[in-house]
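# Inside the fold
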Amino acid sequence: TISRIDYQNHSKAPPPPFITSSIQQASGSKLGLSPDQTMKLAQTLYEKGLITYMRTDSTILSEEFCEATRAWLQAKDPDNVPRKTTKFRKSKGAQEAHEAIRPSNLNYPSVKLKQEISDAEFKLYLLIWKRAIASQCAQSIINKTTVSIKSADLTWIAKGQVIEFLGYARYWNNLRVDSP
């Protein structure tokens, strides 16, 4: 017998832009790079003027970048523009001498860029670009359902979720989806 059904809407806030440690973790899990390889590639991207300084513990983005991202989203993905610009809290103990790791030019054509840099550099650049964009997007909305089923002395619980609105996960997908 179905004893209870619960429905809940959850919103999930976008992740902050990269800092040194988070880019090393993400590039390791998504690109298979070691922290040393990641920082060497990031240094090359920085020297080419494609990203901001990669040794930072700040999640703060410049106002200019936030405005440019908002304009880009309004032009390319208007449903994903949040009501107000997303700001991240200062981390306790963070020095914040530099802003978060982000692309220097949001609108640099990827086709042109792919011809100018190595494949590994391009993959890391794309990871940085996606995370920076995602950090400024609207929240994801997830509908969660929990069903409790009683059978004699046992209670079985089934959980599922459906993504109602991808939001930031369109660029940085860290949402789990139930299999069909």
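An account of the accompanying structure is given in this report. (Residues numbered from 1 in each chain as written. Predicted model: local features only at pLDDT ≥ 70, side-chain atom pairs only at ≥ 80, totals over all residues. Heavy atoms only, no water.)

### Here we look at the overall build of the protein chain
Regarding its fold elements, the protein chain presents five helices and three strands. What you see in the protein chain, going N to C, is helices and strands ordered as β-α-α-α-α-α-β-β. Seen through its C-alpha atoms, the protein chain measures out along the principal axes to roughly 65 × 40 × 35 Å. Within the span of the protein chain, comprising 180 residues, buried residues form 38% of the whole. Considering only intrachain contacts with a sequence separation of at least 6, the fraction spanning at least 24 residues in the protein chain is 75%. (Helix = DSSP H or I, 4+ residues; strand = E, 2+ residues; numbered from the N terminus. Buried < 20%, exposed > 50% of the residue type's maximum accessible area, 1.4 Å probe, protein only. Contact = heavy atoms within 4.5 Å.)

### Some points on empty space enclosed by the protein
This model, assessed by the stated rule, comprises one cavity of 30 Å³ or more. Roughly 40 Å³ of internal volume is contained in the largest cavity. As for the largest cavity, its lining consists of C66, T69, R70, L73, V81, P82, T85 and Q136. A breakdown of the residues in the lining of the largest cavity according to their chemical character gives four nonpolar, three polar and one charged. (1 Å grid on protein atoms, 1.4 Å probe; cavity = no way out; pocket = protein on both sides within 12 Å on 5 of 7 lines; lining within 4 Å. Points joined across faces, edges and corners; volume = space filled by probe spheres on them. Nonpolar A, V, L, I, M, F, W, Y, C, P; charged D, E, K, R; others polar.)

### Looking at the packing of helix α2 (residues 35-47) against helix α5 (residues 119-134)
In the contact formed by α2 and α5, the axes pass within 10 Å of each other and the chain directions differ by 85°. On the basis of the axis angle, α2 is roughly perpendicular to α5. Residues T38, L41, A42, T44 and L45 of α2 pack against A120, E121, L124, Y125 and I128 of α5. (Axes fitted to C-alpha atoms, helices over the stretch in contact; angles between N-to-C directions. Parallel < 35°, antiparallel > 145°, perpendicular 65-115°, else oblique.)

### Side note on the environment of I60
Relative to the helices and strands, I60 is located in the loop between α2 and α3 (63-76). Distance from I60 to K159, taken between C-alpha atoms, is 36 Å for residues 99 residues apart in sequence.

### Let's talk about the nonpolar core
Of all hydrophobic cores here, the largest spans 38 residues; its most connected members are F18, L45, I51, L124, I128, I133 and Y171. Residue contributions to this core peak at nine residues, all from α5. The contacts of L124, once residues within four sequence positions are left out, are I23, S27, L31, T38, L41, A42 and L45. (Core = buried A, V, L, I, M, F, W, Y, C linked by side-chain atoms within 4.5 Å.)

### Quick look at the pairing of strand β3 (residues 154-165)
Each regular strand displays side chains that alternate between the two surfaces of the sheet. The pairing of strand β2 (residues 140-151) with β3 spans 11 bridges and is antiparallel. Counted as the bridge partner of I141 is F165 from β3. (Pairing = 2+ DSSP bridges.)

### Overview of the side chain of T69
Looking at the element boundaries, T69 is found in helix α3. Setting aside chain neighbours within four positions, we find T69 in contact with L106, I133 and Q136.

### What to know about the pattern of salt bridges
All told, the structure shown has six salt bridges when counted by the stated rule. Ionic pairing is found between K48 and E121, a salt bridge with its closest N-O pair at 3.2 Å. Placement of the pair is K48 in the loop between α2 and α3 and E121 in helix α5, with a sequence separation of 73 residues. The exposure class of K48 is partly exposed, given its relative accessible area of 44%. A salt bridge links R102 to E99; the nearest nitrogen and oxygen atoms lie 2.8 Å apart. Under the relative-accessibility criterion, R102 is labelled buried at 10%. Judged by relative accessible area, which is 22%, E99 ranks as partly exposed. (Salt bridge = Lys/Arg side-chain N within 4 Å of Asp/Glu carboxyl O.)

### Focus: α3
Between the first and last C-alpha of α3 there are 20 Å, a value that for 14 residues agrees with the 20 Å anticipated at 1.5 Å per step. For α3, every residue scored as buried is listed here: F65, C66, T69, W72 and L73. Projected down its long axis, α3 shows its buried positions confined to an angular sector of 125°, all on one face. Residues of α3 that are exposed and point over 90 degrees away from its buried face: E64, E67 and A75. Each element contacted by the buried residues of α3 is listed here: α5. (Expected span 1.5 Å × (residues − 1). Arc of directions from axis to C-beta.)

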